[in-house]
Amino acid sequence: WGILFSHPRDFTPVCTTELGRAAKLAAEFSKRNVKMIALSIDSVQDHLSWCKDINAYNGEQPAEKLPFPIIADKNRELA
């Protein structure tokens, strides 16, 4: 199974809280062999900064990594 999170932009409040909650639950999804991935129309560099924001929202150290990848769709070809 897989979960695809599709987000309009990085740093939006709802998207940040949603991905923050997903990051908190990632271990439970992993136990059930569910792969998680997100998609946003911003660049990889923006995603790395956003990951820091998401981790800080979760009360963790701001790190450029989440327990799942975020696809960069800067040219909006996938979206």
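Residues numbered from 1 in each chain as written. Predicted model: local features only at pLDDT ≥ 70, side-chain atom pairs only at ≥ 80, totals over all residues. Heavy atoms only, no water.

- An unreviewed UniProt entry annotates the chain as thioredoxin-dependent peroxiredoxin originating from Pachyramphus minor.
- According to its UniProt record, the chain has this under Catalytic activity (unreviewed entry): "a hydroperoxide + [thioredoxin]-dithiol = an alcohol + [thioredoxin]-disulfide + H2O".
- The record held by UniProt for the chain lists under Sequence similarities (unreviewed entry) the comment "Belongs to the peroxiredoxin family. AhpC/Prx1 subfamily." (UniProt positions renumbered as here; feature names shortened; annotations may be inferred.)

## As for the packing of helix H1 (residues 13–31) against helix H2 (residues 44–57)
Then, number 1: At a minimum axis distance of 9 Å, the contact between H1 and H2 shows a crossing angle of 70°. Considering the angle they form, H1 stands roughly perpendicular to H2. Seen from above, H1 lies across H2 with right-handed handedness. Listed contacts from H2 to Cys15, Thr16, Thr17, Leu19 and Gly20 of H1 are Trp50, Asp53, Ile54 and Tyr57.
Then, number 2: Looking at the contact of H1 with H2, its residues break down into five nonpolar, three polar and one charged. (Axes fitted to C-alpha atoms, helices over the stretch in contact; angles between N-to-C directions. Helix = DSSP H or I, 4+ residues; strand = E, 2+ residues; numbered from the N terminus. Parallel < 35°, antiparallel > 145°, perpendicular 65-115°, else oblique. Left-handed = near helix turned anticlockwise from the far one by under 90°. Contact = heavy atoms within 4.5 Å. Nonpolar A, V, L, I, M, F, W, Y, C, P; charged D, E, K, R; others polar.)

## Describing H2
Then, number 1: With 14 residues, H2 extends 20 Å between its outermost C-alpha atoms, agreeing within 8% with the 20 Å of an ideal straight helix rising 1.5 Å per residue.
Then, number 2: Along H2, the positions that sit buried rather than exposed are His47, Trp50, Cys51, Ile54 and Asn55. Projection of H2 onto a plane perpendicular to its axis shows the buried side chains occupying an angular sector of 140°, all on one side.
Then, number 3: In this structure, the buried residues of H2 make contact with strand E1 (2–7), H1, strand E2 (35–40) and strand E3 (70–72).
Then, number 4: After H2 finishes, the residue Gly59 shows a positive phi value of roughly 80°. (Expected span 1.5 Å × (residues − 1). Buried < 20%, exposed > 50% of the residue type's maximum accessible area, 1.4 Å probe, protein only. Arc of directions from axis to C-beta.)

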